[in-house]
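Chain and residue survey
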Amino acid sequence: SQYQNILTSRPADGVALITLNRPKALNALSSPLYEELNHALASFDADEGIRAMVITGSEKAFAAGADIKEMKDKDFSDAFKNRFLENWALLSQIRKPIIAAVSGYALGGGCELAMMCDIILASPTAVFGQPEINLGVIPGGGGTQRIARVAGKSIAMELTLTGRNFTAAEAVSWGLVSRISDKVLDDALAMATTIASKSAIAVQAGKEAVNVAYETSLTEGLRYERRIFHGLFATRDQKEGMAAFAEKRKATWSHS
Ligand code: HXC
């Protein structure tokens with residue numbers, strides 16, 4: 001493989017799987033791992049044959065955080081000059097849907113990586129948390145912002161300031177996680193396969209529209225949604241999807 005810290009595969013038609021693979025470090029997200037993850041995501045995003053992606057870790061750890069051993073001797077000028085963590089934002093530029101299948105520890109940067117994905121499925125064993133406060137810092141990969149937007153101020157404050165772990169059931173109750181599954185990777189791959197069976201252009205438009213909800217007012221968001229909706233009437237797949245319904249047959253997508 002071209003990667004040392006991740007594994008990549010195509011387990012189903014249109015579906016890419018990225019497995020974080022530093023088992024001895026509980027998938028701590030080192031810079032080399034993150035560069036490989038970004039490279040794999042960008043490659044699959046550009047690949048016409050891929051329409052949905054899944055990111056997973058191991059049974060024991062999705063990822064136990066950013067690599068503390070790599071971070072511990074950093075100073076401010078080094079972090080600032082080298083734009084430490086800025087490349088984490090690349091995941092949000094990916095157009096195709098990304099599902100996180102989380103088992104075991106998803107702590108710190110691991111929790112933040114999962115929350116950057118579009119959908120999270122968690123195994124009952126998943127242990128989430130933003131423990132950075134215990135290291136004398138705060139979340140730096142979006143944790144404070146994403147938890148606050150989804151779960152609200154009180155929960156975001158509690159998790160950020162106490163650093164306590166939280167369960168998959170709590171994450172579901174707050175809306176951070178879609179659902180709990182005891183075969184989480186199978187379920188994530190099945191969901192990815194379902195998504196990959198739809199029109200890729202409509203799927204990517206849907207992802208873009210939902211993401212606008214986190215960036216703008218309701219009025220602007222509704223306008224944006226309507227414009228993208230209008231735009232889809234210029235696609236072949238809209239013609240095909242609606243013709244297939246009228247003709248009582250299954251649509252064959254050209255993804256265009
Ligand atoms: C580097 C890590 C690591 C991490 C675990 N390891 N987490 N190395 N960075 N985040 C390493 C351990 O040092 C150890 O290496 C090996 O993985 C196995 O871990 P153990 O601690 O022996 O396992 P266990 O006793 O089962 O405990 C699991 C654990 C614990 C509870 C998850 O490892 C832990 O607390 N890890 C740190 C969690 C954390 O604080 N995450 C947030 C990081 S800060 P050796 O060589 O000893 O065998 C962060 C900032 C985000 O993420 C900023 C923005 C991205």
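A brief structural summary. (Residues numbered from 1 in each chain as written. Predicted model: local features only at pLDDT ≥ 70, side-chain atom pairs only at ≥ 80, totals over all residues. Heavy atoms only, no water.)

**So, the layout of surface pockets**
Of the pockets and cavities examined, the largest pocket occupies roughly 1,400 Å³. Lining the largest pocket we find 44 residues, and of these Ser92, Met116, Asp118, Lys207 and Asn211 sit closest to its centre. The element contributing the most residues to the lining of the largest pocket is helix 9 (residues 200-212), with eleven residues. For the lining of the largest pocket, a count of residues per class yields 22 nonpolar, ten polar and twelve charged. Its boundaries defined by the atoms lining it, the second largest pocket holds a volume of some 560 Å³. In this structure, the second largest pocket is lined by 28 residues; those nearest its centre are Ala66, Asp67, Ile68, Met71 and Leu135. At the level of elements, helix 2 (68-71) and helix 4 (109-116) are the ones that each hand at least two residues to the lining of the second largest pocket. For the lining of the second largest pocket, the element with the most residues is helix 2, which contributes three residues. Classifying every residue of the lining of the second largest pocket by side-chain character gives 15 nonpolar, six polar and seven charged. (1 Å grid on protein atoms, 1.4 Å probe; cavity = no way out; pocket = protein on both sides within 12 Å on 5 of 7 lines; lining within 4 Å. Points joined across faces, edges and corners; volume = space filled by probe spheres on them. Helix = DSSP H or I, 4+ residues; strand = E, 2+ residues; numbered from the N terminus. Nonpolar A, V, L, I, M, F, W, Y, C, P; charged D, E, K, R; others polar.)

**Points about the side chain of Ser30**
Position of Ser30 among the secondary structure elements: in the loop between strand 2 (15-20) and helix 1 (31-46). Ser30 has contacts with Arg22, Asp67 and Glu70, leaving out every residue within four places of it along the chain. (Contact = heavy atoms within 4.5 Å.)

**Brief notes about the pattern of salt bridges**
According to the stated counting rule, one finds 13 salt bridges in the structure shown. Between Glu170 and Arg164 there is a salt bridge; the shortest N-O distance is 2.9 Å. When its relative accessible area of 28% is taken as the criterion, Arg164 is described as partly exposed. Three or more residues are tied together by salt bridges with common partners; here these are Glu158, Arg164 and Glu170. (Salt bridge = Lys/Arg side-chain N within 4 Å of Asp/Glu carboxyl O. Buried < 20%, exposed > 50% of the residue type's maximum accessible area, 1.4 Å probe, protein only.)

**With respect to the site of the ligand**
Taken together, 24 residues lie around the ligand, and Lys60, Ala64, Ala66, Lys69 and Gly109 are the ones closest in. One of the backbone N or O atoms of Ile68 is found 2.9 Å from a nitrogen atom in the ligand. Take Gly109: an N or O atom from its main chain is 2.8 Å from an oxygen atom of the ligand. Only helix 2, strand 6 (105-107) and helix 4 provide two or more residues apiece to the shell around the ligand. Element by element, the count of residues in the shell around the ligand is highest for helix 2, at three residues. When the residues that make up the shell around the ligand are grouped by side-chain class, the tally is 13 nonpolar, five polar and six charged. (Near = heavy atom within 4 Å. Polar contact = N/O pair within 3.5 Å; in protein donor to acceptor, adjacent residues only side chain to side chain.)

**Some words on unusual backbone geometry**
The phi angle at Leu26 is positive, at roughly 50°, despite the residue not being glycine. Its location among the elements puts Leu26 in the loop between strand 2 and helix 1.

**Structural notes on empty space enclosed by the protein**
By the definition in use, this model includes one cavity of 30 Å³ or more. The volume enclosed by the largest cavity comes to roughly 40 Å³. Lining of the largest cavity is provided by Cys111, Ala114, Met115, Ile120, Phe128, Phe166, Ala171, Leu176 and Val177. With three residues, helix 4 is the single largest residue contributor to the lining of the largest cavity. The residue makeup of the lining of the largest cavity, split by class, is nine nonpolar, no polar and no charged.

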